[in-house]
Amino acid sequence: MTTHVDIRDAQPADRPHILEAVHELLRELTGDQDRQVPGMGTALDKILTPGYPGGGVLVATVPHQPGIVGLLSWSRITALRTGGDYIAIEELWADPRSRSQRVGSLLIEGLRERARKEGLTRLEVGLPRPAFPGSARTQRFYLGQGFRELGPRMTLEVD
């Protein structure tokens with residue numbers, strides 16, 4: 001049986017559910033069950049500030065069910081290589097019990113609609129390392145959504 005899933009902008013009341021979902025995503029990606037991210041709550045509060053121009057969070061909910069079953073956080077970025085602004089998907093998580101309900105696809109479609117309304121024509125996402133057990137599945141998911149490969153991304157922690 002398919003359950004109806006609603007996609008909407010996150011509200012301050014979603015804060016604890018979003019934080020737990022991102023922690024769950026990080027545990028899944030890293031295998032570190034105790035992983036803590038200092039400043040995550042502060043960053044979320046900034047993103048949830050009404051009118052914040054740098055990005056947002058979409059949440060997936062099921063009517064009459066508490067909490068969220070998915071989330072997609074995104075940033076608006078200006079880049080010379082793209083000739084302007086585009087949207088970067090920062091986190092995409094679906095509750096494992098709801099993944100068969102197309103939660104991830106619905107969240108991406110919600111972000112596509114937002115991009116269209118804002119006149120943006122590009123979405124980008126960084127994929128997990130190939131060593132991540134779900135890497136191939138994650139890549140297939142994004143390819144199935146119409147994304148194409150750009151190449152690996154790298155990061156540098158600035159101390």
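Reference entry: report on the structure contained in this document. What you are looking at is a predicted structure, and each value in this text was computed from that prediction instead of being measured. (Residues numbered from 1 in each chain as written. Predicted model: local features only at pLDDT ≥ 70, side-chain atom pairs only at ≥ 80, totals over all residues. Heavy atoms only, no water.)

**What to know about the overall build of the protein**
Looking only at helices and strands, the protein features four helices and five strands. Radius of gyration (C-alpha) of the protein: 16 Å, near the 15 Å computed for a compact globule of 159 residues. With the C-alpha coordinates aligned to their principal axes, the bounding extent of the protein is approximately 45 × 35 × 35 Å. Across the 159 residues that make up the protein, the buried fraction comes to 40%. A separation threshold of at least 6 residues defines the contact pool for the protein, and within that pool the share at least 24 residues apart is 57%. Total accessible area computed for the protein in this model is approximately 10200 Å², and 53% of it derives from carbon and sulfur atoms. (Helix = DSSP H or I, 4+ residues; strand = E, 2+ residues; numbered from the N terminus. Rg over C-alpha atoms; globule rule 2.2 N^0.38 Å. Buried < 20%, exposed > 50% of the residue type's maximum accessible area, 1.4 Å probe, protein only. Contact = heavy atoms within 4.5 Å. Areas by Shrake-Rupley, 256 points an atom, 1.4 Å probe, with all protein chains shown as cover.)

**Here's the deal with the layout of surface pockets**
Gaps left between atoms show up when a probe the size of a water molecule is rolled over them. Approximately 290 Å³ is the volume attributed to the second largest pocket. If you trace the second largest pocket, you find 18 residues lining it, with Asp 9, Ile 47, Thr 49, Gly 55 and Gly 56 closest to the centre. Among the secondary structure elements, those contributing two or more residues to the lining of the second largest pocket are strand 2 (55–61) and strand 3 (70–79). A per-element tally of the lining of the second largest pocket places strand 2 first, with three residues. (1 Å grid on protein atoms, 1.4 Å probe; cavity = no way out; pocket = protein on both sides within 12 Å on 5 of 7 lines; lining within 4 Å. Points joined across faces, edges and corners; volume = space filled by probe spheres on them.)

**Thoughts on the side chain of His 23**
As for its position among the elements, His 23 is in helix 1 (residues 15–30). Not counting the four nearest positions on each side in its chain, His 23 is found in contact with Arg 35, Gln 36, Val 37 and Met 40.

**Observations regarding the pattern of salt bridges**
Applying the stated criterion across every chain yields a total of 13 salt bridges. A salt bridge links Glu 20 to Arg 27, with the nearest nitrogen and oxygen atoms 2.6 Å apart. Ionic pairing is found between Asp 85 and Arg 76, a salt bridge with its closest N-O pair at 2.8 Å. Residue Asp 85 is classed as partly exposed on the basis of its relative accessible area of 28%. (Salt bridge = Lys/Arg side-chain N within 4 Å of Asp/Glu carboxyl O.)

**Points about the packing of aromatic side chains**
One pass over the full model with this rule turns up two aromatic pairs. An angle of 80 degrees between the planes, with centres 5.2 Å apart, marks the rings of Tyr 142 and Phe 147 as edge-to-face. We note that Tyr 142, like Phe 147, is buried. The structure contains a cluster of three or more aromatic residues connected by ring pairs, namely Phe 141, Tyr 142 and Phe 147. (Phe/Tyr/Trp six-rings, centres within 6.5 Å; stacked < 30°, edge-to-face > 60°.)

**Focus: the sheet that holds strand 5 (residues 123–125)**
Taken together, five strands build an open sheet; the order of strands is 1-2-3-4-5 and the sheet is mixed. Two strands close off the open sheet at either side, each with one partner strand: strand 1 (6–9) and strand 5. Averaged over all neighbouring strand pairs, the angle between strand axes comes to 30 degrees, with direction disregarded. Of the pairings in the sheet, the one linking strand 1 to strand 2 comprises four bridges and is antiparallel in character. (Pairing = 2+ DSSP bridges. Axes fitted to C-alpha atoms, helices over the stretch in contact; angles between N-to-C directions.)

**Some remarks on the nonpolar core**
Soluble globular proteins tend to bury their nonpolar side chains together. Membership of the largest hydrophobic core comes to 21 residues, with the highest contact counts inside it found for Leu 72, Ile 89 and Leu 111. Broken down by secondary-structure element, the contributors of at least two residues to this core are strand 2, strand 3, strand 4 (84–94), helix 3 (103–117) and strand 5. Ranked by residues supplied to this core, first place goes to helix 3 with five residues. In terms of nonpolar packing, the next biggest core, distinct from the first, is built from 15 residues, Ile 18, Leu 44, Val 59 and Leu 71 among them. (Core = buried A, V, L, I, M, F, W, Y, C linked by side-chain atoms within 4.5 Å.)

**A word on unusual backbone geometry**
Despite not being glycine, His 64 has its phi angle at roughly 65 degrees, a positive value. Note that His 64 resides in the loop between strand 2 and strand 3. The phi dihedral of Arg 102 falls on the positive side, at around 65 degrees, and the residue is not glycine.

Function-wise, these values are silent; they only describe arrangement.
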